[in-house]
Amino acid sequence: MRDAISWFAAAAVAFFVTAGAFLLLANLGGSREEQPLSRPRPTESGPLLRMELREDQLENLEHAPDQRLEVDLSNTGADPISSVNATVKVASENTAVPETRFYRAVVDKLKADETKTVGFEVDLSSFEYPTDASLDPAAGPPRTILEVRATTPRGASAIKTAVLPP
Amino acid sequence: MRSRSRTSIILVIACVIGLAGCGPADEVLIDPAPVERDRTDLGLGPGVRAMTAGPGDKGSPSYGPDDERLAFVMDGYVVEKDLSTGTLDRRTTKDFGAGAVDWGHYGEKLTVTAPEGEEGAFALYRTQSDGSGDMGVTLISEGVLAAARVPGGSDLLAAFAGETQSTLARLKEDGEVSRLYTRKLDGSATGVSLSPDGHRALTSTREDGFFSLYVVDLLEGSVRQVARTEEGKEILGAPQWTREGLYYVAGESEASEETPVYELYRLPADAGANTRAEIVSDIGEDFIPSNIRVSPEGDRLAVLGRRSLNSPANLYVLDLENGDLQTATSNENMEIKTGPGDLAWSTGGQSVVLVARAMSTEIEVQATPADKITADFYNVYEVPVEDLGD
């Protein structure tokens, strides 16, 4: 009986000593370059690029080609922006319409606290619908969506969307 | 004795060594998961959740049997959304011209309707809905005026158009007629609803400006007329067969009055030709219902309507057993669709989905991509309807 207890105790000691050694090694190895698992935080304190799409000009737009659309781009950061890539997407509210119109402009060099206006000639004429069945009379004629995006090479971005009445 | 104490010491030491390293190491902070943003008030009251976003005229929302998927029609094509992943799959081509969609019994197939040339008639299609991206659809029937799924199976009960009458038929999943009901119904069918046991059907028809309700015994094939409106009155949408009787919305049609006023009516399930329908007073004297839908258990009625002529439309839930009417939404500036298929229950009866958009006519510039905007477009909203009024 005494032998059995001694064997059991010895086996337990051997097990825990081995486990402890592995735990010790694991702690030593893991403490060198441990990083917190929190999400990476943005490096910039706020937006550097601001965009304005004036509502008063939108009210004067017509459903016709060659409509002038102006967008104000401002650098609200302390550093200059080398360039801004601005795109305008004109789409129907009706998602069955396959056509989407894209327009692009590039603004070079935007100094700190500087605002530049970029203009687009956009086609706001009516879209063609694949079938009459895609149109619900109760919903009224589909509206036109204007979506303007601006991005800088360093990743700052701004977006504005407006829904124009039919 | 000495040996026992020695053993105890060895065990204590072993435990101390074994527990080494199990204490708190350097703390690692894990940021909490972001709170779901669409749980805020979206214009229909707290707790209402947007199920869809972005442009597109959505309608006919329908939960899958497991409540994990939602199908709906958008601009004439069918879309299925996986509610756990948010993935959208188009189930038909964009030029399909779908009018409504419903799930099959096992959630594998969708029934899609597409309007035909004849007024009010539509074709029935079945489409696979297994997420495989297969947009193949099969035409299963044509010339259908109204259809409903038979409870507990994948069969459909469809009302077919005749010259002046409508014929009911039970269709198998592939469209094969398994039973044709030879007793015809006068007029063109406008809606059909089945009793919870699937043995009887309640069908509304329109004929020469009059609307009628018929109960069809699907086992015996017998037909009895249970209601007929006065001239100039119409029945809105499909009548509903509930545990507490037959419910329908009827009132002056637009042709006879500029602002139509409707009432919710009730008939007992065993009503005959001489039974007079009673106006359901539980919803209030001035209440104007525009759409109703019975819950899966048949004990509640989702009612879309206005408390009075000048109040906004809201969703209410009427407990049919005790007559309690609970308000489910608090709408101020949303236009809620009132089409017969635009109101649906979840299969468990915990929520109701509806379709709505903001009524604003002014141009507003938003700092959001179009596909994230909800209020400006017709989108599907889930309204929790359990524990209302608590």
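The rules we used
Residues numbered from 1 in each chain as written. Chains lettered and ligands numbered in written order. Predicted model: local features only at pLDDT ≥ 70, side-chain atom pairs only at ≥ 80, totals over all residues. Heavy atoms only, no water. Helix = DSSP H or I, 4+ residues; strand = E, 2+ residues; numbered from the N terminus. Buried < 20%, exposed > 50% of the residue type's maximum accessible area, 1.4 Å probe, protein only. Contact = heavy atoms within 4.5 Å. Areas by Shrake-Rupley, 256 points an atom, 1.4 Å probe, with all protein chains shown as cover. Pairing = 2+ DSSP bridges. pLDDT = per-residue confidence, 0-100. Core = buried A, V, L, I, M, F, W, Y, C linked by side-chain atoms within 4.5 Å. Axes fitted to C-alpha atoms, helices over the stretch in contact; angles between N-to-C directions. 1 Å grid on protein atoms, 1.4 Å probe; cavity = no way out; pocket = protein on both sides within 12 Å on 5 of 7 lines; lining within 4 Å. Points joined across faces, edges and corners; volume = space filled by probe spheres on them. Nonpolar A, V, L, I, M, F, W, Y, C, P; charged D, E, K, R; others polar.

A. The overall build of chain A, seen in detail. The secondary structure content of chain A amounts to two helices and seven strands. The helix and strand sequence of chain A, counted from the amino end, reads α-β-α-β-β-β-β-β-β. By residue count, 36% of the 166 residues in chain A fall in the buried class. Nonlocal contacts in chain A, meaning residues at least 24 apart in sequence, comprise 65% of its contacts between residues at least 6 apart. Within the structure as shown, chain A displays about 10300 Å² of accessible surface, and the carbon and sulfur contribution to it stands at 55%.

B. Molecular detail of the pairing of strand β10 (residues 156-161) of chain B. Residue and element names in this part refer to chain B. Most of β10 sits out of view: five of its six residues are buried. Looking at chain direction, strand β9 (residues 137-149) and β10 are connected through five bridges and run antiparallel. Directly across from A148, in β10, lies its bridge partner L157. Across six bridges, the pairing between β10 and strand β11 (residues 165-171) is antiparallel. Bridge pairing in β11 places L157 opposite R170. Counted between consecutive antiparallel strands, the loop separating β10 from β11 contains three residues.

C. Molecular detail of the confidence of the model for chain A. Averaged over every residue, the pLDDT of chain A is 83; residues scoring 70 or more account for 81%. Across residues 29-46 of chain A the pLDDT falls below 50, and counting only partners more than four positions away or on other chains, this stretch makes 12 contacts in the model.

D. The arrangement of the nonpolar core in detail. Grouped together as the largest cluster of nonpolar side chains are 32 residues, with contacts concentrated most on A:L58, A:L69, A:L73, A:V88, A:F120 and A:L146. Those elements that place two or more of their residues in this core are β1 (49-52), β2 (67-75), β3 (81-92), β4 (100-110), β5 (115-122), β6 (144-151) and β7 (157-164) of chain A. Considering every element that reaches this core, the biggest residue donor is β3(A), with five residues. Residues contacting A:V88, with those up to four places away along its chain left out, are A:L69, A:R101, A:F102, A:Y103, A:F120, A:V122, A:L146, A:E147 and A:V148. If you look at the next biggest cluster of nonpolar residues, it comprises 20 residues, including B:A50, B:A328, B:A356 and B:L388.

E. Expanded view of the environment of B:G221. With respect to the helices and strands, the residue B:G221 is situated in the loop between β16 (210-217) and β17 (223-228). Residues within four places of B:G221 in sequence aside, it is in contact with B:R179, B:Y181 and B:R183.

F. Looking closely at the sheet that holds strand β25 (residues 325-327) of chain B. Residue and element names in this part refer to chain B. Read across the open sheet, the four strands follow the order β22-β23-β24-β25; overall the sheet is antiparallel. The open sheet terminates on both sides in strands that have one partner only, identified here as β22 (288-294) and β25. Strand-to-strand twist in this sheet, taken as the mean axis angle between neighbours without regard to direction, amounts to 30°. Pairing between strand β23 (residues 300-306) and strand β24 (residues 314-319): six bridges, direction antiparallel. Across the sheet, residue R300 finds its bridge partner in β24, namely D319.

G. Summary view of the side chain of A:Q67. All names here are of chain A. Within the element layout of this structure, Q67 appears in strand β2. For Q67, a relative accessible area of 11% corresponds to the buried category. Aside from chain neighbours lying at most four places away, what touches Q67 is L61, E62, F120, E121, V122 and L124.

H. Inspection of the layout of surface pockets at higher detail. Volume-wise, the second largest pocket comes out at about 1100 Å³. Looking at the second largest pocket, it is lined by 42 residues, and the ones nearest its centre are B:A53, B:G54, B:D371, B:K372 and B:I373. Mapped onto the lining of the second largest pocket, the elements with two or more residues apiece are β3 and β6 of chain A together with β3 (69-74), β4 (77-82) and β5 (88-90) of chain B. When its residues are assigned to classes, the lining of the second largest pocket shows 17 nonpolar, 11 polar and 14 charged.

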